[in-house]
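Take a look at the letters that make up each chain.
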Amino acid sequence: FVTMNGLRTNVLHKEFSDAPASIRESFSLEAFSSSEGLLSIDAVVLDASLANFGKGNTAELTKNFTMDLTPPGIMPLSTMHNVRQGGVGCTTFALNEEALGVGVYLPNTDYFFQAFKQDNGDYVCLFAFPYDMPTDEFLPRIVATDAAGNRNEMPVSVTAMPREFKQDVIRL
């Protein structure tokens with residue numbers, strides 16, 4: 001049985017004429033895929049033993065879950081960022097729920113900068129503008145993933161400012 005929002009539904013019921021030693025069954029939660037909230041799965045199994053005057057043994061197991069289909073909401077608090085090539089930017093933002101993986105990443109790279117939760121609940125993140133990345137490819141994004149694996153991301157509003165780095169040739 002699956003119970004959600006007070007509605008108890010039988011999702012799997014099987015009876016076997018023989019008494020197999022073990023059985024593996026699966027069922028779908030498709031009917032509950034559009035609802036959020038507490039979800040309880042109750043499994044009741046009755047075997048064909050002669051125990052209990054031929055009524056068999058009963059085993060019951062209940063597991064409770066929270067069905068969460070909504071990704072964390074990201075609300076940027078800092079609005080405009082001027083970041084010079086080879087420099088660092090800082091962004092602040094708030095989330096509408098607790099999240100596990102929170103930070104800023106640069107698409108098409110391995111760069112991820114962890115955000116840190118402040119005492120007031122907001123997040124602060126320092127992120128770098130790699131010196132060797134062209135300004136048109138610098139597109140930082142805030143990302144947040146909640147405990148259910150729902151992921152949300154939002155672009156950071158930046159003005160990428162190019163910089164010419166001094167170069168010198170040393171002759172040996």
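In what follows, the accompanying structure is described. All figures in this text were calculated on a predicted structure; none of them were measured in a lab.

Side note on the sheet that holds strand 11 (residues 123-128)
Move 1: Strand order in this open sheet of four strands is 5-7-11-10, and the pairing throughout is antiparallel. The open sheet has two edge strands, strand 5 (74-76) and strand 10 (116-117), and neither has a second partner.
Move 2: Direction of pairing for strand 7 (residues 88-95) relative to strand 11: antiparallel, over a ladder of six bridges. Across the sheet, Gly89 pairs through a bridge with Phe127, a residue of strand 11.

Notes on the pattern of salt bridges
Move 1: Using the criterion set out here, one finds four salt bridges in the structure.
Move 2: The shortest N-O distance in the salt bridge between Glu153 and Arg141 comes to 2.6 Å. Residue Glu153 is found in strand 13 (residues 151-155), and its partner Arg141 is found in strand 12 (residues 141-145); the two are separated by twelve residues along the sequence.
Move 3: The residue Arg151 makes a salt bridge to Glu153 at a minimum N-O spacing of 3.1 Å.
Move 4: On the basis of relative accessible area, Arg151 is assigned to the partly exposed category, the value being 48%.
Move 5: Taken together, the shared-partner salt bridges connect Arg141, Arg151 and Glu153 into one network.

What about the sheet that holds strand 12?
Move 1: Strand order in this open sheet of four strands is 9-8-12-13, and the pairing throughout is antiparallel. Two strands close off the open sheet at either side, each with one partner strand: strand 9 (112-114) and strand 13. Adjacent strand axes in the sheet meet at a mean angle of 25°, parallel and antiparallel pairs treated alike.
Move 2: The sheet contact formed by strand 12 and strand 13 spans five bridges and is antiparallel.

Some details on the layout of surface pockets
Move 1: There is about 1,000 Å³ of room inside the largest pocket.
Move 2: Lys14, Phe16, Val44, Val45 and Leu46 are the residues nearest the centre of the largest pocket, which is lined by 26 residues in total.
Move 3: Within the residue set of the lining of the largest pocket, elements represented by two or more residues are strand 3 (37-46) and strand 4 (58-67).
Move 4: Residue contributions to the lining of the largest pocket peak at six residues, all from strand 3.
Move 5: Broken down by class, the residue content of the lining of the largest pocket amounts to 17 nonpolar, two polar and seven charged.

Calculation rules
Residues numbered from 1 in each chain as written. Predicted model: local features only at pLDDT ≥ 70, side-chain atom pairs only at ≥ 80, totals over all residues. Heavy atoms only, no water. Pairing = 2+ DSSP bridges. Helix = DSSP H or I, 4+ residues; strand = E, 2+ residues; numbered from the N terminus. Salt bridge = Lys/Arg side-chain N within 4 Å of Asp/Glu carboxyl O. Buried < 20%, exposed > 50% of the residue type's maximum accessible area, 1.4 Å probe, protein only. Axes fitted to C-alpha atoms, helices over the stretch in contact; angles between N-to-C directions. 1 Å grid on protein atoms, 1.4 Å probe; cavity = no way out; pocket = protein on both sides within 12 Å on 5 of 7 lines; lining within 4 Å. Points joined across faces, edges and corners; volume = space filled by probe spheres on them. Nonpolar A, V, L, I, M, F, W, Y, C, P; charged D, E, K, R; others polar.

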